[in-house]
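# Structural description and commentary
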Amino acid sequence: KIEISEKYLKLKLDEIDIRYKLSIAKQNERDEENRRKEILREQLRAEKEIEENKDKLERELVKLQVQAKKGIDVQDKIDEIMTKIEADDYLLTNRKSGWVYFIVNKSFDNNWIKCGMSKRANVQDRIDELSSASVPFRFYDLAVVFTDDAYGLEAKIHRRLHKYRVNKANNRKEFFAIDKYELQDILNKEFNLDVHFKENIIDEIINVIMQRNIL
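Throughout what follows, the structure given in this document is the object of discussion.

Analysis parameters
- Residues numbered from 1 in each chain as written.
- Predicted model: local features only at pLDDT ≥ 70, side-chain atom pairs only at ≥ 80, totals over all residues.
- Heavy atoms only, no water.
- Core = buried A, V, L, I, M, F, W, Y, C linked by side-chain atoms within 4.5 Å.
- Buried < 20%, exposed > 50% of the residue type's maximum accessible area, 1.4 Å probe, protein only.
- Helix = DSSP H or I, 4+ residues; strand = E, 2+ residues; numbered from the N terminus.
- Phe/Tyr/Trp six-rings, centres within 6.5 Å; stacked < 30°, edge-to-face > 60°.
- Lys NZ or Arg CZ within 6 Å of the ring centre and 35° of its normal.
- Salt bridge = Lys/Arg side-chain N within 4 Å of Asp/Glu carboxyl O.

### As for the nonpolar core
Residues Phe102, Ile157 and Leu187 are the most contacted members of the largest nonpolar core, which totals 24 residues. Elements with a contribution of two residues or more to this core: β1 (98–105), β2 (112–118), β3 (139–147), α4 (150–160) and α5 (180–190). Among the elements that take part in this core, α4 stands out by supplying four residues, more than any other. By size, the runner-up hydrophobic cluster in this structure holds eight residues, among which are Ile103, Val123, Leu130 and Phe139.

This is the structure we're talking about:
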């Protein structure tokens, strides 16, 4: 006939609540630290890729300039390469600049949209990389936005969409269960972005798959 007092019970429940909140806080700290490391790895990888791409463009530019001196009309190609080199210089100088992308995959629910960021010179390389990450179908972009602060914009969008987050236990998972037109409206009205998502993207995916005889 042993009993515990209400005061003792309340203290134990308070202790459990404190331990739970402490555990969540520690997990959030670990997640944030992992995300910082992931961002740094992505940034270093992107900068290396941009530098290699710039070096390749500069070598190509020298060849074209030699051809131009010989009287060969290659000015259009020279102008195109110069524009690409300037873009690479901008990405290297402005370390926060990059792409925020919104992509979907037929492997998941039709309303699941992944919002991520990349500093790659070609953001499609990052999307293709994700497509090879143990998913049966490829990722397709709804829209891609270039910004001077890709990290900041991505973080703000993630906070705004928290209630739509598919995996609330792990903030590193970037899927959000939201209608694409609702998301488009949020991005344009609240973030002042000029975003226009592609129409019928799922039908487009199915058509591509059928054309490749995958089904």
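### Points about the packing of aromatic side chains
Here the structure, examined in full by the defined rule, presents eight aromatic pairs. Consider the rings of phenylalanine 102 and phenylalanine 197, whose centres lie 5.8 Å apart with planes at 55 degrees: the pair is tilted. Here phenylalanine 197 lies in the loop between α5 and α6 (201–211) and phenylalanine 102 lies in strand β1, a separation of 95 residues in the sequence. There is no split in this pair, since phenylalanine 102 and phenylalanine 197 are both buried. Ring centres of phenylalanine 108 and phenylalanine 139 lie 6.4 Å apart, and the angle between their planes is 40 degrees; this geometry places the pair in the tilted category. Of this pair, phenylalanine 108 sits in the loop between β1 and β2 while phenylalanine 139 sits in strand β3, and the two are 31 residues apart along the sequence. By relative accessible area, phenylalanine 139 is classed as buried at 6%. Three or more aromatic residues joined by ring pairs make a cluster, and in this case those are Phe108, Trp112, Phe139 and Phe175. A cation over a ring is seen here: lysine 114 above phenylalanine 175, with NZ or CZ 5.4 Å from the ring centre.

### So, the pattern of salt bridges
Scanning the entire structure with this criterion turns up 21 salt bridges. Among the ionic pairs, glutamate 129 bridges to arginine 120, the shortest N-O distance being 3.0 Å. Taking relative accessible area as the criterion, glutamate 129 reaches 32% and is therefore assigned partly exposed. Among the ionic pairs, glutamate 129 bridges to arginine 126, the shortest N-O distance being 2.5 Å. Placement of both glutamate 129 and arginine 126 in helix α3 (residues 123–131) is noted, with a separation of three residues, approximately one turn of the helix. Through salt bridges with shared partners, one network takes in Glu42, Arg45, Glu49, Arg120, Arg126 and Glu129.

### Overview of the side chain of glutamine 184
Looking at the element boundaries, glutamine 184 is found in helix α5. Judged by its relative accessible area of 18%, glutamine 184 is buried.

Geometry only, nothing functional implied.
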